[in-house]
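Chains, contacts and geometry: an overview
One letter stands for each residue in the lines below.
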Amino acid sequence: MSYYDPNAQAYGGYGYGQPTAIQQAQIDQGLRSYMLGVYNYMMIGLAITGLAALGIYMLSVTGDASLAYKNAGRAMAVSGGQYLTPFGAFLFASWFKFVVILAPLGVVLLLSFRADRLSAPAAQMTFWVYAALVGVSMTTILLVYAHTSVARVFFITAASFGALSLWGYTTKRDLSGMGTFLMMGLFGLIIASLVNIGIAAFTGQASSMLQWIISVVGVLIFAGLTAYDTQNIKNEYIYSLSYAQDGSIVQKAAIFGALQLYMDFVGMFQFLMSLLGSRDE
């Protein structure tokens, strides 16, 4: 990895030369405000996800077997002495579970392919909808794992994410070379996960060793993406100073930056849950 000066690239690359001390102070102040906006959008997204997951969980389980969904005359039990309600069974034990799983993917594809056409308010609202749908799909974590374990892994993820994002923001190393490598690793991770699903379909049980490897590699990939995306978001703001951009364009860029970091956080959390989570018996 090489050392670089993004400010010199932003100005020098467009004929502006090195920024003066006053210009540098303005850049730093604007960058701090921009990154604060990115993190605020991301945290709101995580809050929506958490509230959606908690709300759906409360609607999906009951401690009263008489109120639970009955399958062959027996209440459908989940962990911790809880039972699935008819609503919970519809979401997570019927064909509709595939809608729950795929709906967030559909929304993020919409954001990706219509990014140029969406206004800043539309992009923000779509992000909130995506965060809520992710929360619905992640309710299964609350159904399977002990809630104290979920809280513990969440704080571990938050601490790790914060440290990695801070490093990506402050490091003088150029992390752009990591992007292609990390995306290749992400596609490999998806393929390995599909292979493990296929193994489970044919043998009735997924490979625990392959799942452990997938989880470890997944944590490492999303850790790298956290640092890479943070630096990339920072550089995109600095480069944008060379263009005349209005506030709505900058706001939309902040929303998409928040979406990138949000997905990095959620990905890291899910793989850490697979490694460190304790199932609620």
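All values reported here derive from a predicted model rather than from experimental measurement.

Time to look at the nonpolar core. Grouped together as the largest cluster of nonpolar side chains are 66 residues, with contacts concentrated most on Met 42, Phe 127, Tyr 130 and Tyr 262. It is helix H10 (residues 247-276) that contributes the most residues to this core, 14 residues altogether. In this structure Met 42 touches Phe 161, Ala 258, Leu 261, Tyr 262 and Phe 265, once residues within four positions along its chain are discounted.

A word on the layout of surface pockets. Counted as a void, the second largest pocket has a volume near 340 Å³. If you go around the second largest pocket, you meet 16 residues; those closest to its centre are Gly 50, Met 138, Val 150, Phe 154 and Phe 269. Going through the elements one at a time, helix H2 (21-60), helix H6 (139-144), helix H7 (147-170) and H10 are the ones with two or more residues in the lining of the second largest pocket. It is H2 that provides the largest number of residues to the lining of the second largest pocket, a total of six residues.

It is worth spelling out the environment of Met 184 at this point. Note on placement: Met 184 falls in helix H8 (residues 178-203). With 37 residues separating them in the primary sequence, Met 184 and Ile 221 have C-alpha atoms 9.8 Å apart.

In this description, a pair of aromatic rings is defined by centroid distance and the angle of the planes. Scanning the entire structure with this criterion turns up 13 aromatic pairs. Consider the rings of Tyr 34 and Tyr 237, whose centres lie 4.9 Å apart with planes at 25°: the pair is stacked. In this pair, Tyr 34 sits in helix H2 while Tyr 237 sits in helix H9 (residues 208-240), placing the two residues 203 residues apart along the sequence. Residue Tyr 34 shares its accessibility class with Tyr 237, and that shared class is buried.

The next point concerns the confidence of the model for the protein chain. Reading predicted coordinates in detail is not appropriate for stretches of low pLDDT. On average, residues of the protein chain carry a pLDDT of 84, and 88% of them reach 70 or more. For the protein chain, the element scoring lowest by mean pLDDT is helix H1 (residues 6-12), at 49; H7 scores highest, at 95. Residue range residues 8-16 is modelled with pLDDT below 50. Its contacts to residues more than four positions away, or to other chains, number 19 contacts.

Our next topic: helix H4 (residues 97-113). Note on helix geometry: an α-helix contains 3.6 residues per turn, so any two residues three or four positions apart are oriented the same way. Its 17 residues give H4 an end-to-end C-alpha distance of 25 Å, which sits within 8% of 24 Å, the value for a rise of 1.5 Å per residue. Of all the positions in H4, only Val 100, Pro 104, Val 107, Val 108 and Leu 111 are classed as buried.

The subject of this paragraph is a nonpolar patch on the surface. Where nonpolar side chains cluster on the molecular surface, the patch consists of Phe 90, Trp 95, Phe 98, Val 99, Ile 101, Leu 102, Leu 105, Leu 109 and Phe 113 and spans about 990 Å² of accessible area. In terms of residue count, the dominant contributor to the nonpolar patch is H4 (seven residues). Its location among the elements puts Leu 105 in helix H4.

Look at H7: 35 Å from first C-alpha to last across 24 residues, which is about the 34 Å you get at 1.5 Å a residue. Listed as buried for H7 are Ser 149, Val 150, Val 153, Thr 157, Phe 161, Ser 165 and Gly 168.

Procedures and definitions
Residues numbered from 1 in each chain as written. Predicted model: local features only at pLDDT ≥ 70, side-chain atom pairs only at ≥ 80, totals over all residues. Heavy atoms only, no water. Core = buried A, V, L, I, M, F, W, Y, C linked by side-chain atoms within 4.5 Å. Buried < 20%, exposed > 50% of the residue type's maximum accessible area, 1.4 Å probe, protein only. Helix = DSSP H or I, 4+ residues; strand = E, 2+ residues; numbered from the N terminus. Contact = heavy atoms within 4.5 Å. 1 Å grid on protein atoms, 1.4 Å probe; cavity = no way out; pocket = protein on both sides within 12 Å on 5 of 7 lines; lining within 4 Å. Points joined across faces, edges and corners; volume = space filled by probe spheres on them. Phe/Tyr/Trp six-rings, centres within 6.5 Å; stacked < 30°, edge-to-face > 60°. pLDDT = per-residue confidence, 0-100. Expected span 1.5 Å × (residues − 1). Patch = residues over 30% accessible without salt bridge, like charges linked within 9 Å, V, L, I, M, F, W, Y side chains within 5 Å. Areas by Shrake-Rupley, 256 points an atom, 1.4 Å probe, with all protein chains shown as cover. Salt bridge = Lys/Arg side-chain N within 4 Å of Asp/Glu carboxyl O.

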